[in-house]
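Given next are the chains, with one letter for each unit.
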Amino acid sequence: MVSVPDKITSPYLHVLFHGFSVIEKHVPPVFARRQWDEAENSVCLLVSDPIHNYTKESSCGWFLLGEDEFLPRVLELRASLLQQWGLRGTVWHGLSSGGYAAIKHCMRGGQDDLAFVVSPHNDPLILPQWTREAEPFSSLPAMARPQATTEIIRDWAAPGSARYLHVVIPEKDSYFALKHLRPIMAHLDGHPSLRAVMLRDGRGHGFIANSDYTAQLRQAVDRWERHRADAGAAVGAARVASDD
């Protein structure tokens, strides 16, 4: 679903992937909720996992069903919306399994985008939800192989790239901090394209407070823009040195 406000004040396209959902309470498509102050003034692309069209047993959104067709279509939509509305970058949002999808699409998109994620999965295969809800569909020819995030982002910090990853973890979400975020942080090993924040909010795995979402997103965008500027300056300096 594409949402375009009457007056666009954000210079970015926001793409939102849902994570955990109680499918019995929804009629597909299932969308993530927009929960930051500027959402109503931003061009948004809300994406629903196609698996919800086939089963009510799946409560997560890894976005792996029909990936050969689905992911390229999302990226084509991203490109057309950026051009149509003159936007200067994409913010990929996702919570939990949606965070996994957001990081993957950010990486596969090949641009200097921002992945803004809450408690993202690293390896779906270690989760009981995968065994219960996704593995029964793994034999379908349309189901993509689940890769660990650390495998997907192998070239995240390649020279010349300026993509940025901002991860938020609620205070009581220690399982995701240890089993999922820690391997991602170890892979990027202090690289300036990553910032991870653990909130002091008394919450566990689930949506963070709207005020925290807004504040963290604002910080993420500021850091992403500085990172892009630094990367651009470094590339320019390298060209000058090469010319000399």
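Residues numbered from 1 in each chain as written. Predicted model: local features only at pLDDT ≥ 70, side-chain atom pairs only at ≥ 80, totals over all residues. Heavy atoms only, no water.

**Quick word on the nonpolar core**
And step 1. Membership of the largest hydrophobic core comes to 46 residues, with the highest contact counts inside it found for Leu13, Phe17, Val47, Trp62, Trp92, Trp156 and Leu165.
And step 2. For this core, the secondary-structure elements that each account for two or more residues are strand S2 (13-17), strand S3 (43-47), helix H1 (67-85), helix H2 (97-109), strand S5 (114-118), helix H3 (128-134), strand S6 (164-169) and helix H5 (174-188).
And step 3. Excluding its chain neighbours within four sequence positions, the residues that come into contact with phenylalanine 17 are Ala32, Val47, Phe63, Trp92, His93, Gly94, Leu95, Gly98, Ala101, Ala102 and His105.
And step 4. Of all hydrophobic cores here, the second largest spans 22 residues; its members include Tyr12, Leu16, Val221 and Trp224. (Core = buried A, V, L, I, M, F, W, Y, C linked by side-chain atoms within 4.5 Å. Buried < 20%, exposed > 50% of the residue type's maximum accessible area, 1.4 Å probe, protein only. Helix = DSSP H or I, 4+ residues; strand = E, 2+ residues; numbered from the N terminus. Contact = heavy atoms within 4.5 Å.)

**Some remarks on the pattern of salt bridges**
And step 1. Under the defined criterion, the tally for this structure stands at eight salt bridges.
And step 2. For arginine 145, the salt bridge is made with glutamate 151, and the minimal N-O distance between the two is 3.2 Å.
And step 3. Each of Glu67, Lys104 and Arg108 takes part in salt bridges that share partners, so that together they form one network. (Salt bridge = Lys/Arg side-chain N within 4 Å of Asp/Glu carboxyl O.)

**Some remarks on the environment of glycine 66**
And step 1. For glycine 66, the location among the structural elements is in the loop between S3 and H1.
And step 2. Residues glycine 66 and methionine 143, 77 residues apart in the sequence, show an inter-C-alpha distance of 5.9 Å.

**Focus: unusual backbone geometry**
And step 1. Omega for the peptide link from proline 28 to proline 29 comes to 10°, which places this bond in the cis form.
And step 2. With a phi angle near 60°, phenylalanine 63 is a residue other than glycine that sits in the positive phi range.
And step 3. One non-glycine residue, serine 119, lies in the positive phi region at around 50°.
And step 4. Relative to the elements of secondary structure, serine 119 occurs in the loop between S5 and H3.

**What about the packing of aromatic side chains?**
And step 1. All chains considered together, the criterion is met by eight aromatic pairs.
And step 2. Where tryptophan 62 meets tryptophan 130, the ring centres are 5.2 Å apart and the plane angle is 75°; that geometry is what we call edge-to-face. Taken together, the residues span a long stretch of sequence, with tryptophan 62 in the loop between S3 and H1 and tryptophan 130 in helix H3 at a distance of 68 residues.
And step 3. For tryptophan 130, a relative accessible area of 4% puts it in the buried group. (Phe/Tyr/Trp six-rings, centres within 6.5 Å; stacked < 30°, edge-to-face > 60°.)

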